[in-house]
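Below, each chain spelled out in residue letters.
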2 protein chains.
Amino acid sequence: MTKVAAGITTSLDGYITGPNDGPGRGLGEGGERLHYWVFGGPWSYAEEPRGEATGADKELLDEAMGGRVGAVVGGRNTYEAAGAWGGQNPFGVPFFIVTHRPEDAPADAGFTFVNGLDEAIAGAREAAGSKDVFVMGGADIIRQALRAGYVDELSISIAPVVLGDGKRLFHDFDETVSLEHLRLLQSPFATHISYRVVR
Amino acid sequence: MTKVAAGITTSLDGYITGPNDGPGRGLGEGGERLHYWVFGGPWSYAEEPRGEATGADKELLDEAMGGRVGAVVGGRNTYEAAGAWGGQNPFGVPFFIVTHRPEDAPADAGFTFVNGLDEAIAGAREAAGSKDVFVMGGADIIRQALRAGYVDELSISIAPVVLGDGKRLFHDFDETVSLEHLRLLQSPFATHISYRVVR
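Please read these numbers as outputs of a predicted model, since none were measured by experiment. (Residues numbered from 1 in each chain as written. Chains lettered and ligands numbered in written order. Predicted model: local features only at pLDDT ≥ 70, side-chain atom pairs only at ≥ 80, totals over all residues.)

Caption draft 1: Region of the structure containing the overall build of chain A. Tallying secondary structure elements over chain A gives 4 helices and 9 strands in all. Counting from the amino terminus, helix and strand elements in chain A follow one another as β-α-β-α-β-β-α-β-α-β-β-β-β. Since a compact globule built from 199 residues should have a radius of gyration of about 16 Å, the 16 Å found for chain A is in line with a globular shape. In terms of overall dimensions, chain A has C-alpha extents of about 40 × 35 × 35 Å along its principal axes. By the burial criterion, 45% of the 199 residues in chain A qualify as buried. In chain A, of all internal contacts separated by at least 6 residues, the share reaching a separation of at least 24 is 62%. (Helix = DSSP H or I, 4+ residues; strand = E, 2+ residues; numbered from the N terminus. Rg over C-alpha atoms; globule rule 2.2 N^0.38 Å. Buried ≥ 20, exposed ≤ 12 C-beta atoms within 10 Å, placed from the backbone. Contact = placed C-beta atoms within 7 Å.)

Below, the structure written as structure tokens:
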């Protein structure tokens, strides 16, 4: 059965970006540190990251992107912050972007722009077939998905840094969610914790 | 050499209590869940917790309280919320309570009331000898200790729950702190992550 898994990286103080993130500024000041694990170690916006994930970090990426995931859902802000991934869907599977302006979708870029989370999840479920749907963020999309009860599994990668400011994953999220621990992976660059959402 | 270790339990969304904590109300609504790991499983304020930590949770407690810790520092609010631990220092080592009213100290209860964190850390360092100082919280005391640069190691036990409200460990903490991963322990009731504070 198709599961909906949401996953994102935060600092120890719960931020998914440093301060002043946005288009051309990536994950904001100090935000690179959140994704050291994705690129195998330190990098900065001054240079493109060149490294690759290794060890436990690679294991997590391979598991998510290698086989289990049949469709991805992301938010428009994340899409813009990522510079539209250079103009092409970076995943090998259908990628649904939640936006208020679906008419902005670029042609032949592999992105499906949809008006709202419900439509994105429905489309992604259908596209995923027997595989899973991965909700990649940003924070607002993950909060919406948790509130709507879509999320079966929640994975948080905690980077070893206190950022002190930025966008907080659980900002203005005032619901209680019971979780059950599923998996744990540790690298020098992140603690990857996965939970089942208890209903 | 004496290290200063700070440690506390939070929900996945970073709260050290549920809403409406305080004297007679413990860790607030739903806050018991934060400490399932301390008592070996579910309990509630309706009954006294009777269980004991097991497995990885016991390992963490034994390590902290068994040998390494030579003195403990806690805040007055935590002292009050805990009902003064029944009127007696629960640790087998000197326990310094940070308060604006040191004259409130009860006699013969094993607590040393001191006026401010600096005095508490200095007293605890001296009392600990070659052992470590443990800063147990609450959140404000840990933030103060981090800001003042006292903390050598930071341990966070993350309980598998999103509480949605309460007192947030990093509330109004606007500094960046670089961390290095040290240790990881996992039980069904918490993910215990320890970091070295990088200076």
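Caption draft 2: Region of the structure containing the relation of the copies chain B and chain A. Of the transformation superimposing chain B on chain A, the axial component is 0.0 Å and the angular component is 180 degrees, with the fit at an RMSD of 0.0 Å. The relationship between the two copies is best expressed as a two-fold rotation axis. Distance from the rotation axis, computed per C-alpha, reaches its smallest value in chain B at glycine 14 of chain B: 3.5 Å. When the interface residues of chain B are mapped onto chain A, 100% of them again lie at the interface, so the same face is used by both copies. (Least-squares fit on C-alpha atoms with pLDDT ≥ 70 in both.)

Caption draft 3: Examining the sheet that holds strand β1 (residues 4-11) of chain B more closely. Sheet architecture is open: 9 strands sit in the order β7(A)-β8(B)-β9(B)-β6(B)-β1(B)-β5(B)-β2(B)-β3(B)-β4(B), paired in mixed fashion. Of all the strands in the sheet, just β7 (161-162) of chain A together with β4 (111-114) of chain B have a single pairing partner and so form its edges. Where β7 of chain A and strand β8 (residues 177-187) of chain B come together, 2 bridges link them in antiparallel fashion. The residue of β8 of chain B that forms the bridge with valine 162 of chain A is valine 177 of chain B. Against the sheet, helix α1 (residues 55-68) of chain B engages β2 (69-75), β5 (132-137), β8 and β9 (190-198) of chain B, with an angle of about 120 degrees to β8 of chain B. Along the sheet, helix α4 (residues 139-147) of chain B makes contact with β1, β2, β3 (95-98), β5 and β8 of chain B, crossing β5 of chain B at roughly 135 degrees. (Pairing = 2+ DSSP bridges. Axes fitted to C-alpha atoms, helices over the stretch in contact; angles between N-to-C directions.)

Caption draft 4: Molecular detail of the sheet that holds strand β7 (residues 161-162) of chain B. As summarised here, the arrangement of the 9 strands in space is β4(A)-β3(A)-β2(A)-β5(A)-β1(A)-β6(A)-β9(A)-β8(A)-β7(B), forming an open sheet in which the pairing is mixed. Single-partner strands in this sheet number two, and they are β4 (111-114) of chain A together with β7 of chain B. In terms of strand pairing, strand β6 (residues 153-159) of chain A meets strand β9 (residues 190-198) of chain A through 6 bridges, oriented antiparallel. The residue bridging glutamate 153 of chain A from the neighbouring strand is arginine 196 of chain A, located in β9 of chain A.

Caption draft 5: Structural context of the interface of chain B and chain A. Counting residues at the interface gives 27 residues for chain B, matched by 27 residues for chain A. Sorting the residues of the side of chain B that touches chain A by element identifies β7, β8 and β9 of chain B as the ones contributing at least two each. It is β8 of chain B that contributes the most residues to the side of chain B that touches chain A, 7 residues altogether. Grouping the amino acids of the side of chain B that touches chain A by side-chain chemistry returns 14 nonpolar, 8 polar and 5 charged. (Nonpolar A, V, L, I, M, F, W, Y, C, P; charged D, E, K, R; others polar.)

Caption draft 6: Spotlight on unusual backbone geometry. Following glycine 137 of chain A, the chain continues into glycine 138 of chain A via a peptide bond in cis, with omega recorded as 5 degrees. Within the fold, glycine 138 of chain A resides in the loop between β5 (132-137) and α4 (139-147). For alanine 84 of chain B, which is not glycine, the phi torsion reads 55 degrees and is therefore positive. Its identity as a non-glycine residue notwithstanding, aspartate 108 of chain B has a phi of 55 degrees, on the positive side. Examined against the element boundaries, aspartate 108 of chain B turns out to sit in the loop between β3 and β4.

Caption draft 7: Up close: the environment of alanine 82 of chain A. Mapped onto the elements of the fold, alanine 82 of chain A is located in the loop between α2 (76-81) and β3 (95-98). In this structure, the C-alpha to C-alpha distance between alanine 82 of chain A and isoleucine 142 of chain A, residues 60 residues apart in sequence, is 17 Å.

Caption draft 8: Up close: the nonpolar core. Ranked by size, the top nonpolar core spans 107 residues in total, and within it Val73, Val133 and Val135 of chain A together with Val73, Val133 and Val135 of chain B carry the most contacts. Sequence-distant contacts of valine 135 of chain A, that is, excluding residues within four places in its chain, are made with Val4, Ala6, Val73, Ile141, Ile142, Ala145 and Val151 of chain A. (Core = buried A, V, L, I, M, F, W, Y, C linked by C-beta atoms within 7 Å.)

Caption draft 9: Focus on α1 of chain B. Taking 1.5 Å as the rise per residue, α1 of chain B with 14 residues should run 20 Å; its terminal C-alpha atoms sit 19 Å apart, in good agreement. At aspartate 62 of chain B, α1 of chain B shows its maximal bend, which comes to roughly 30 degrees. (Expected span 1.5 Å × (residues − 1). Bend = angle between axes of the 7 residues up to and from the residue.)

Caption draft 10: Structural view of the environment of isoleucine 142 of chain A. Residue and element names in this part refer to chain A. Within the secondary structure, isoleucine 142 sits in helix α4. On the neighbour-count criterion, isoleucine 142 (25 C-beta atoms within 10 Å) is buried. Each C-alpha atom of the pair isoleucine 142 and alanine 64 lies 17 Å from the other, and the pair is 78 residues apart in sequence. The residues touching isoleucine 142, leaving out its near neighbours within four places in the chain, are Ala6, Ile8, Val135, Gly137 and Leu169.

Caption draft 11: Expanded view of the pairing of β3 of chain B. All names here are of chain B. Residues Phe95 and Ile97 line one face of β3 and the alternating positions Phe96 and Val98 line the opposite face, and both faces are buried. As defined by bridge partners, β2 adjoins β3 across 4 bridges and the pair is classed as parallel. Looking at β3, one finds that glycine 75 is bridged to valine 98. Between the parallel elements β2 and β3, the chain passes through helix α2 (residues 76-81) in a crossover that is right-handed. (Right-handed = clockwise from strand over helix to strand, strands pointing away.)

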